[in-house]
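Listed here are the chains, written in short residue letters.
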Amino acid sequence: MKRKRLKWTSLISIGILLSAMFIGMSGVSLANEFPLTITDDLNREVTILKQPERIISMAPANTEILFALGLGEKVVGISNVCNYPSQTKEKEKIGDYDNPNLEKIIELEPDLILASHGNPTELINQLEELSYAIIYLNPKDIDHIISSITTVGKITGNDKEAAKLTKEMEERIEAVLSETSSLLENNRPRVLYVVWYKPLWTAGSGTFIDELIQKAGGINIAGDIAGWPQMNLETVIEKNPQVIIIGYSEDQPKLIQAVRNESTLDQTDAFKNNQIHTIDTDIVSRTGPRIVNALEEMAKIIHPEMFGESVSD
Amino acid sequence: MKRWIGWLIVLMILLLAISFLSLMIGPVRIPLTKSISLLAQKLCFWKSYPLENAPAAVILFKIRIPRLILGMVVGAALSSAGVILQGMFRNPLVEPYTLGISGGAAAAVGLVIVAGLSGTLTQIIPLAGFAGAIGAAILVYFIASSGGRLTIPTLLLTGVIVSFLSSSLIMLLMSLAKGEELHGIMFWIMGNLQETNLSFIITISLIILIGIFISFLFARDLNALVLGEEEATHLGIEVERTKKILFILASLLTGVAVSASGVIGFVGLMIPHLIRGVVDADHRFLLPASALLGASFLVGADLIARTIISPRELPVGVITGIIGGIIFIYIIRKRKVEFRW
């Protein structure tokens, strides 16, 4: 008898344990299980005591994630360069992206601070010492952006919205990849991305731009150089880009003219076939939800025959 | 005299050799025979050149040759300006950089970039650089000559102050600039010979050659000024007028050079000292010899800048600084250079 009861209790408790694990793993909305502890991209364990109500975003990508998750109302402070979506205009500014103002941050009484690559580490350490909940995000590729969005959803108690957003992003990425991933080398146009001219400054391997070019079905002619190289014009002529994409920002509206005027590139395929395009630098460099827009736009530029004409230029 | 001519011939051969190397070597390998046959054909056919659009020809004629010419004239201009300024100031540390001329150019370019004006005009950056250089020179000149007479210590001090002023202005602009703009300014401050507009290069080459020629006419006056202003007056030189002309000449040479290449330090400082120390300090020799060696030095430095980590490029100002510095320290240690005037 005794033995039988023990067996039942253990069976039931195992059952409860299993279902708890299942619920935990599937992430279904046990949203408000604060406090929660997560490991951020600086490998720091950060505990968030309660669902954040006053969030500061120190980088444009983080701001875009927060707004996309419907957390715009809770954002109390953003950096000077956060300019998307348009509601950011009304938000309090905490200083430059690379130089946020500590006092301003403290004044805003945040219960969550989202930092990112490019924010000064000294400031992050200071805020940590002052025991603010500060999460550092530093995505290295598009998959990592998606997991960052999941993280932000989790720490803000918005898992559901995050799941919806990431699913939509994944589907849109898949829609591009299903066309481009099987492309053979000779169906992939050679692309030159221009960050600055002159001298010519481009985006090499390890950058989001490089990843976007590849995923959009192109070959980055600077793909064999790491980082953000200043590139030799001779090499550009030798590699003969078929598409030239120029990073466009409102602050530098005439950059495209500077490239178009470069007569030494006249004989490249891109010039001959007038394949000189622009893309918004904000969407190709920010590690937020709009990276998918960047991918779709790149795909249209590089493969108009598959994705329809690009509207950018 | 004979010794001078011998040295000038040596320096000319050196320049020719380095120029040839820099045409033949680059990030893209063009076989020697091909380069030579392309050159020969270009010389034969000239305007009706058949291979105009072949990549190797584009690289050779539209990239390497313009860049070579630019390197030569900028190197020559900077070292000539160095000779003139060091001579008239009788000070071993003077060069366009220390007088605020380069700094003024950099500040003006920074302003144009941060204001988002780069690209509005084809040559707006060079124009801004030139305006900044000449503007700084005029500023230095007027502050220093407010008493009616241009005394050298005042001029020097004013130059250093204007130089500090403009570097603070650059820092201010850089801290306000965004990512791309910041790099744009940095590229320019560190010097760069990536210029392909041939008519622009020819224009500045002509100005520089004329400038160097005129400065050569003042070689005897410079020799006299080195002895001291009083001595120069005794030798029948109109000191005030000569100083003005020389200062304008040096500013013009520097302004034109920086406008095309950005700020390239050390050439103007080092090359004149080298020639003076190793061969002779007579300006009739010093001027052409420095121009030749400066040209070789900058072309050589640029060869390294564009090939050492190709297809990346390094800013040439970094190379001139490092290599020039090392050579200079070595020579001073060997005591081959005495700072004689």
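Visitor: Mind showing me how you'd approach the overall build of chain A here?
Guide: The secondary structure content of chain A amounts to 13 helices and 13 strands. Along the three orthogonal principal directions, the C-alpha set of chain A runs to about 90 × 50 × 30 Å. Counting across all 313 residues of chain A, residues that qualify as buried make up 46%.

Visitor: Just to check I follow, could you spell out the overall build of chain B for this structure?
Guide: Looking only at helices and strands, one finds 14 helices and zero strands in chain B. Reading chain B from its N end, one meets helices and strands in the order α-α-α-α-α-α-α-α-α-α-α-α-α-α. Taken over the C-alpha trace, chain B has a radius of gyration of 20 Å; the compact-globule value for 341 residues is 20 Å, and the two agree within 12%. Expressed as a percentage of its 341 residues, the buried residues of chain B come to 52%. Looking at chain B alone, contacts between residues at least 24 apart form 78% of all its contacts between residues at least 6 apart.

Visitor: Explanation requested: the packing of helix H9 (residues 219–227) of chain B against helix H13 (residues 283–307) of chain B in the structure shown.
Guide: Residue and element names in this part refer to chain B. One way to put it is that H9 packs onto H13 with a least axis distance of 8 Å and a crossing angle of 115°. Relative to H13, the element H9 is oriented roughly perpendicular. Here H9 contributes Ala 219, Leu 222 and Asn 223 to the contact with H13, which in turn contributes His 283, Arg 284 and Leu 287. Each residue belonging to the contact of H9 with H13 can be placed in one class, and the counts come to three nonpolar, two polar and one charged.

Visitor: What is the right way to look at the domain arrangement of chain A in this model?
Guide: Note on interface size: it is often stated as the accessible area lost on association of the parts. Residue and element names in this part refer to chain A. The domain architecture assigned to chain A consists of domain 1 (30–169) and domain 2 (184–307). The centre of domain 1, based on its C-alpha atoms, is set 30 Å off from the matching centre of domain 2. Taken residue by residue, the interface counts 14 residues in domain 1 and nine residues in domain 2. Sorting the residues of the side of domain 1 that touches domain 2 by element identifies helix H2 (60–68), helix H5 (142–155) and helix H6 (159–180) as the ones contributing at least two each. The leading source of residues in the side of domain 1 that touches domain 2 is H2, at five residues. Taken together, the residues of the side of domain 1 that touches domain 2 break down into eleven nonpolar, one polar and two charged.

Visitor: Before we go on, may I ask you to explain helix H12 (residues 267–278) of chain B in this structure?
Guide: Given 3.6 residues per turn, any residue in an α-helix points the same way as the ones three and four places further on. All names here are of chain B. Look at H12: 16 Å from first C-alpha to last across twelve residues, which is about the 16 Å you get at 1.5 Å a residue. Most of H12 sits out of view: ten of its twelve residues are buried. Those residues of H12 that sit buried are Val 267, Gly 268, Leu 269, Met 270, Ile 271, Pro 272, His 273, Leu 274, Ile 275 and Arg 276. At its buried positions, H12 is contacted by helix H3 (55–89), H13 and helix H14 (316–333).

Visitor: Can you walk me through the interface of chain B and chain A in this structure?
Guide: Between chain B and chain A, the residue contacts involve 28 residues of the former and 28 residues of the latter. Elements represented by at least two residues in the side of chain B that touches chain A include exactly H3 and helix H7 (179–189) of chain B.

Visitor: Help me out: how do you make sense of the sheet that holds strand S8 (residues 134–137) of chain A in this one?
Guide: The strands that make up a sheet pair up through hydrogen bonds in the backbone, lying either parallel or antiparallel. Residue and element names in this part refer to chain A. Taken in spatial order, the four strands of this open sheet run S4-S3-S7-S8, and their pairing is parallel. Among the strands making up the open sheet, the edge pair consists of strand S4 (75–78) and S8. For this sheet, the mean inter-axis angle between neighbouring strands, taken without regard to orientation, is 20°. With four bridges joining them, strand S7 (residues 112–116) and S8 adopt parallel strand pairing. Pairing of Ile 113 across the sheet is with Ile 134, part of S8.

Visitor: Any chance you could explain unusual backbone geometry here in plain terms?
Guide: Residues and elements named next belong to chain A. Note that the residue after Tyr 84, namely Pro 85, is joined by a cis bond; omega there is -10°. Summarising the element assignment, Pro 85 is placed in the loop between S4 and strand S5 (95–96). Cis geometry marks the peptide bond from Lys 198 to Pro 199; its omega dihedral reads -5°. Following the sequence through the fold, Pro 199 ends up in the loop between strand S9 (190–196) and strand S10 (201–202). With a phi angle near 55°, Ser 131 is a residue other than glycine that sits in the positive phi range. Examined against the element boundaries, Ser 131 turns out to sit in the loop between helix H4 (121–129) and S8. The exposure class of Ser 131 is exposed, given the 7 C-beta atoms found within 10 Å.

Visitor: Please explain the confidence of the model for chain B as it appears in this structure.
Guide: Caution applies to low-pLDDT parts of the model: their predicted coordinates are not meant to be read in detail. Scored by pLDDT, chain B comes out at a mean of 87, with 95% of its residues at no less than 70. Taken together, the chains of this predicted complex give a pTM of 0.83 and an interface ipTM of 0.77.

Visitor: What's the story with the pairing of S7 of chain A in this structure? I'm lost.
Guide: Residues in a regular strand point their side chains to alternate faces of the sheet. Residue and element names in this part refer to chain A. Of all five residues making up S7, five are buried, and the element is well covered by its neighbours. Pairing of strand S3 (residues 55–57) with S7 involves three bridges; the strand directions are parallel. Looking across to S7, one finds that Ile 55 is bridged to Leu 112. After leaving S7, the chain enters H4 and then returns to the sheet as S8, a path that is right-handed.

Visitor: Where do I start with the environment of Ile 134 of chain B in this structure?
Guide: Residues and elements named next belong to chain B. In this structure, Ile 134 sits in helix H5 (residues 124–144). It is 7.9 Å that separates the C-alpha atoms of Ile 134 and Gly 104, two residues lying 30 residues apart in sequence. The residues touching Ile 134, leaving out its near neighbours within four places in the chain, are Ser 251 and Gly 255.

Visitor: I would appreciate a short explanation of the environment of Arg 286 of chain A in the present structure.
Guide: Residue and element names in this part refer to chain A. Along the chain, Arg 286 falls in the loop between helix H11 (281–285) and helix H12 (291–302). In sequence terms Arg 286 and Ala 61 are 225 residues apart; their C-alpha atoms lie 5.0 Å from each other. Setting aside residues up to four positions removed in sequence, Arg 286 forms contacts with Pro 60, Ala 61 and Glu 64.

Visitor: What should I look at first to understand the pairing of strand S1 (residues 36–39) of chain A in this one?
Guide: Residues and elements named next belong to chain A. As paired strands, S1 and strand S2 (residues 45–48) are joined by four bridges and run antiparallel to one another. Across the sheet, residue Ile 38 finds its bridge partner in S2, namely Val 46. Hairpin connection of S1 to S2: five residues between the antiparallel strands, including Asn 43 at a positive phi of 60°.

Reading the values: the criteria
- Residues numbered from 1 in each chain as written.
- Chains lettered and ligands numbered in written order.
- Predicted model: local features only at pLDDT ≥ 70, side-chain atom pairs only at ≥ 80, totals over all residues.
- Helix = DSSP H or I, 4+ residues; strand = E, 2+ residues; numbered from the N terminus.
- Buried ≥ 20, exposed ≤ 12 C-beta atoms within 10 Å, placed from the backbone.
- Rg over C-alpha atoms; globule rule 2.2 N^0.38 Å.
- Contact = placed C-beta atoms within 7 Å.
- Axes fitted to C-alpha atoms, helices over the stretch in contact; angles between N-to-C directions.
- Parallel < 35°, antiparallel > 145°, perpendicular 65-115°, else oblique.
- Nonpolar A, V, L, I, M, F, W, Y, C, P; charged D, E, K, R; others polar.
- Domains from an automatic or database assignment.
- Expected span 1.5 Å × (residues − 1).
- Pairing = 2+ DSSP bridges.
- pLDDT = per-residue confidence, 0-100.
- Right-handed = clockwise from strand over helix to strand, strands pointing away.

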